[in-house]
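Chain by chain, the residues run as shown.
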Amino acid sequence: MTALTIDRLDVIPIRVPNRVPITLATIRLEHQDNVIVRLRAGALEGLGETQPLAGFQGCTETQATIVPLIRERLAPLVVGQDAFQVERLVRDMEEAAPRSPYGQAAVVDALYDLIARAYDVPLYQLLGGLYRDRIPVVWTIGIKERAEMAEIAAPAVTPVPG
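Residues numbered from 1 in each chain as written. Predicted model: local features only at pLDDT ≥ 70, side-chain atom pairs only at ≥ 80, totals over all residues. Heavy atoms only, no water.

**Q** Help me understand the pattern of salt bridges, please; the structure alone is not making it clear to me.
**A** Close approach of charged atoms allows side chains with opposite charge to pair. Under the definition given, this model contains eight salt bridges. For the salt bridge of R15 with D33, the shortest nitrogen-to-oxygen distance reads 2.7 Å. You can see R15 sitting in strand 1 (residues 8-23) and its partner D33 sitting in strand 2 (residues 28-41), a full 18 residues away along the chain. Here R15 falls in the exposed class, since its relative accessible area comes to 55%. (Salt bridge = Lys/Arg side-chain N within 4 Å of Asp/Glu carboxyl O. Helix = DSSP H or I, 4+ residues; strand = E, 2+ residues; numbered from the N terminus. Buried < 20%, exposed > 50% of the residue type's maximum accessible area, 1.4 Å probe, protein only.)

Structure below.
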């Protein structure tokens, strides 16, 4: 395939309200401030997203730090480049922002999405094929009284096959 030149990178900060605020050991989450990255190459676009939560599990990034980082340091590294050169672009981003895995992740996700669209295949196919038709996810339950937490957790419990 010929080069897939990235014409534009958009950084879109979003706030996603939690239906129910969640209280964790170190923070109360009323909402989540995420970042979407949109890469454009001609008529194609690829989307990536990241969900920083500063102070949680070692994350030191926030939406307020990621948005300017991508606009000022990462976008100049990818705009005008061939999206198929993922490994080189990742290396360049790691050198430019070595302690910003969340910011880099949004751009890398958008790169892979753009490439999958260029090949006109689902992203899972580009990444090696369908492995399973369901993906287990984490269900976060905030700190509450024990009985209330058990009630909230009950629908998430999946019986273990016997």
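**Q** Can you walk me through the side chain of N18 in this structure?
**A** Inspection of the secondary structure puts N18 in strand 1. With relative accessibility at 18%, the residue N18 sits in the buried group. Setting aside residues no more than four positions away along its own chain, N18 makes contact with L29, E30, H31 and Q32. (Contact = heavy atoms within 4.5 Å.)

**Q** Could you clarify how one ought to interpret helix 2 (residues 86-96) in this entry?
**A** Within the span of helix 2, buried status applies to V86, L89, D92 and M93. Looking straight down helix 2, one finds that the buried residues subtend no more than 130° of arc, so they occupy a single side. Turned more than 90 degrees away from the buried face of helix 2, the exposed residues are E87 and E95. Contacts from the buried residues of helix 2 go to helix 1 (63-78) and helix 3 (101-119). (Arc of directions from axis to C-beta.)

**Q** Just checking my understanding: could you explain the pairing of strand 3 (residues 44-50) for this structure?
**A** In the case of a regular strand, side chains alternate between the two sheet surfaces. The pairing of strand 2 with strand 3 spans seven bridges and is classified as antiparallel. Considered in strand 3, the bridge of I36 is made with E49. Hairpin connection from strand 2 to strand 3: two residues lie between these consecutive antiparallel strands, with G42 at a positive phi of about 60°. (Pairing = 2+ DSSP bridges.)

**Q** What exactly am I supposed to notice about a nonpolar patch on the surface here?
**A** On the surface, a nonpolar cluster with roughly 260 Å² of combined accessible area is contributed by Y112, L123 and L127. With respect to the secondary-structure elements, L127 resides in the loop between helix 4 (123-126) and helix 5 (146-153). (Patch = residues over 30% accessible without salt bridge, like charges linked within 9 Å, V, L, I, M, F, W, Y side chains within 5 Å. Areas by Shrake-Rupley, 256 points an atom, 1.4 Å probe, with all protein chains shown as cover.)

**Q** For this particular structure, what's the right way to read the environment of L53?
**A** Among the secondary structure elements, L53 is positioned in the loop between strand 3 and helix 1. Here the alpha-carbon distance between L53 and L29, two residues 24 residues apart in the chain, equals 9.5 Å. Those residues in contact with L53 that lie beyond four places of it in its chain are I27, L29, C59 and E61.

**Q** Help me out: how do you make sense of the environment of L9 in this one?
**A** Tracing the sequence through the fold places L9 in strand 1. As a C-alpha pair, L9 and L47 span 38 residues in sequence and 9.9 Å in three-dimensional space. Discounting chain neighbours no more than four positions away, the residues touching L9 are V37, R38, L39, I70, A75, V78, V79 and V107.

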